[in-house]
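Geometric and topological summary
As a plain string of letters, each chain reads:
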Amino acid sequence: MKVAIVKLSAMGDIIHAMVALQYIKKANPSLEIDWIVEQGFVPILEGNPHIDNILPVHLKSIKKEKKNFFEQYKLVKSYAKNQYDLIIDAQGLMKSALTARILGKNVAGFSKNSIREGVASYFYTHQVDIDYAANTIDRNAKVMSEPLGVEVSQEMILNKEPFLFYTKSQKVNDVLSETRKNIVFVIGSTWESRNYPKEKFVEIAEALRANILVAWGSSEEKEKAAWIASQSQYATALPKINLNDLKALIAQCDLLIGNDTGPTHMAWGLNVPSITIFGPTPINRVYKTPINRVVNSSSKVNHYKLNKEDFSIAEIEVEEIVTLAKELLDA
C-alpha cells in the first residue's frame, strides 16, 4: 500500500506529526510512505527510516510569483504518477487539501469542525474528527493514524523513540564543552510577542553558568545572539548552521531552553530535556513529560484567535526558569 502524507509546514507542526510514523510502520511494516513538504523543511525529515521518499514543493513561492502556480501544479501532478492508495492531508489548509486532491482521489483529513479552514474538508473522502483545541500532538497523531486503522495513544507517544535523525557535524563538536553542561538557547520565533526578552536570557545564562549556546536563524536573531554573548561570559553565539547541524547540536546538549517554535520542539523529538516558554500561544502544543517541561504567562489564550499583541511572556520570572533548569540538569 502506498501512502502520501501532505504536511507542508511549519517545522514544529512537522515534528509533531512525525511521532506517529514509528507506530504506523510498526502496525503496517509493508507500507510505503512518501511525505510532501515545503522544500525548506526537507532536512527535518531526512534520515527518518519510516519515510520512503521526501517530495519537496515550493508552494510558498506562489505568493510572490503567481506564475509559479503552474510550475508547482506540474510538480505535484508528477508525484501523482506514484499512484497512491491513500493521501493524508495532515495540514488542514486549502493549499494542502488541493495538493492532496491532485495527488489522488482517496484523501483523508480533518473534519470541517476540526480545522481553521473548514472548507478544506470538502476535498476529503474520509474525515477525522478531533477538537481544534485539543493537544496539537494528539491531533496530528490521530489524523495520521486513524485513516490507516491504527491507534496511537497518549501512552505510546509518551514512550516514543527519538525520531529525528542527523549526520555528525564537526562544527557542532567544536562548540560543545566536555567540562560544563551544554545548554542551547532558542531565542527567536515567528512573532516578537512569542519571544522571551533577551535581557532575561542573559540572566538565565549568568545563573546557570553553563556552556550556553545561542541558536539563531535570521539576521535579527543573529544580532540578539551576539548581544546575549556580549553580556554574559557563559554565552556563545553559534555560527551559522544548517538544520542537520541543529539536530546534531540539540541531540548532544544537556538542556534546551527556548520559545514556542520549531527548533525548541526538536528537543522533544530527540528525547532531550527542554523548557518551552509560552506567552500568547497555548501550552497544549506540546507534551509535558518529566524531561520536557513548560513555563507560561498568566494569559488566557484563545485557540481560535491568538493575540499577537500579547507580550505577557516578558512577565515570566527568570527564577522560575532557572529553578526548573537546575532540576532537569541535576536529574
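Above this text sits the structure in question.
About the cut-offs
- Residues numbered from 1 in each chain as written.
- Predicted model: local features only at pLDDT ≥ 70, side-chain atom pairs only at ≥ 80, totals over all residues.
- Heavy atoms only, no water.
- Pairing = 2+ DSSP bridges.
- Helix = DSSP H or I, 4+ residues; strand = E, 2+ residues; numbered from the N terminus.
- Axes fitted to C-alpha atoms, helices over the stretch in contact; angles between N-to-C directions.
- Expected span 1.5 Å × (residues − 1).
- Buried < 20%, exposed > 50% of the residue type's maximum accessible area, 1.4 Å probe, protein only.
- Arc of directions from axis to C-beta.
- Parallel < 35°, antiparallel > 145°, perpendicular 65-115°, else oblique.
- Left-handed = near helix turned anticlockwise from the far one by under 90°.
- Contact = heavy atoms within 4.5 Å.
- Nonpolar A, V, L, I, M, F, W, Y, C, P; charged D, E, K, R; others polar.
- Right-handed = clockwise from strand over helix to strand, strands pointing away.
- Phe/Tyr/Trp six-rings, centres within 6.5 Å; stacked < 30°, edge-to-face > 60°.
- Lys NZ or Arg CZ within 6 Å of the ring centre and 35° of its normal.

1. A closer look at the sheet that holds strand β6 (residues 126-128)
With parallel pairing, the six strands of this open sheet are ordered in space as β3-β2-β1-β4-β5-β6. Only two strands of the sheet have a single partner each, and these edge strands are β3 (53-57) and β6. Averaged over all pairs of adjacent strands, the angle between their axes in this sheet comes to 20°, without regard to strand direction. Looking at chain direction, strand β1 (residues 2-6) and strand β4 (residues 86-89) are connected through four bridges and run parallel. Considered in β4, the bridge of V6 is made with D89.

2. Considering helix α14 (residues 318-330)
In a regular helix each residue adds 1.5 Å, so 13 residues correspond to 18 Å; α14 covers 18 Å between its end C-alpha atoms and thus fits that length. Of the positions making up α14, those classed as buried are V318, I321, V322, L324, A325, L328 and L329. What you see down the axis of α14 is that its buried residues fit within an arc of 170°, all on one side. Exposed residues pointing more than 90 degrees away from the buried face of α14 are listed as E319 and D330.

3. Some words on helix α11 (residues 219-231)
Between the first and last C-alpha of α11 there are 19 Å, a value that for 13 residues agrees with the 18 Å anticipated at 1.5 Å per step. Every buried residue belonging to α11 is among E221, K224, A225 and I228, and all of these are buried. Down the axis of α11, the buried side of the element spans an arc of 100°, and every buried residue falls inside it. Residues of α11 that are exposed and point over 90 degrees away from its buried face: S219, E223 and S230.

4. Some words on the packing of helix α10 (residues 198-208) against α14
Interaxial distance between α10 and α14 falls to 10 Å at its minimum, and their mutual angle equals 40°. Comparing the axis directions of α10 and α14 gives the class oblique. At the point where α10 passes α14, the crossing takes the right-handed sense. Contacts from K200, E203, I204, A207 and L208 in α10 reach V318, I321, V322, A325 and K326 in α14. Across the contact of α10 with α14, the residue classes tally to seven nonpolar, no polar and three charged.

5. Let's talk about the pairing of strand β7 (residues 182-186)
Every regular strand shows the same layout, with side chains that alternate between the two sheet faces. With five of its five residues buried, β7 lies for the most part within the structure. As judged from the five bridges shared by β7 and strand β8 (residues 211-215), these two strands associate in the parallel manner. Bridge pairing in β8 links I183 to I212. With respect to chirality, the unit in which β7 leads through α10 into the neighbouring parallel β8 is right-handed. Note: β7 against strand β10 (residues 255-259), four bridges, orientation parallel.

6. Considerations on the sheet that holds β7
Strand order in the open sheet formed by six strands is β9-β8-β7-β10-β11-β12, with parallel pairing between adjacent strands. Lying at the two open borders of the sheet, with one neighbouring strand each, are β9 (235-237) and β12 (292-296). The average undirected angle you get between the axes of adjacent strands in this sheet is 20°. Pairing analysis gives three bridges linking β8 to β9, with the strands arranged parallel. Counted as the bridge partner of L213 is T236 from β9. Lying over the sheet, α14 contacts β7, β10, β11 (274-278) and β12, oriented at roughly 175° with respect to β12.

7. Let's talk about the packing of aromatic side chains
The geometry of an aromatic ring pair is captured by two quantities: the separation of the ring centres and the angle between the planes. Considering all chains together, one arrives at seven aromatic pairs under this definition. Ring centres 5.7 Å apart and planes at 85° place the aromatic pair Y196 and F201 in the edge-to-face group. Judged on exposure class, the residue Y196 and its partner F201 are both buried. One aromatic cluster in this structure is built from F69, F70 and Y73. Taking NZ or CZ as reference, R194 lies 4.9 Å from the ring centre of W191, over its face. Residue placement shows K198 over the ring face of W227; its charged tip is 4.7 Å from the ring centre.

8. Regarding the environment of A141
Along the polypeptide, A141 turns up in helix α7 (residues 136-145). Spatially, the C-alpha atoms of A141 and I102 are 23 Å apart, while their sequence positions differ by 39 residues. If near-sequence neighbours (up to four positions away) are discounted, A141 is found in contact with A20, V152 and I157.

9. Let's talk about unusual backbone geometry
A cis amide bond links S9 with the next residue in sequence, A10, at an omega value of -15°. Within the secondary structure, A10 is located in the loop between β1 and α1 (11-18). Located in the positive-phi region is R209, a residue other than glycine, with phi close to 50°. Of the residues examined, R209 reaches a relative accessible area of 57% and is grouped as exposed. Residues other than glycine seldom take positive phi values, yet N271 does so here, at roughly 60°. Relative to the helices and strands, N271 resides in the loop between α13 (262-269) and β11. Accessibility expressed as a relative area gives 29% for N271, which makes it partly exposed.

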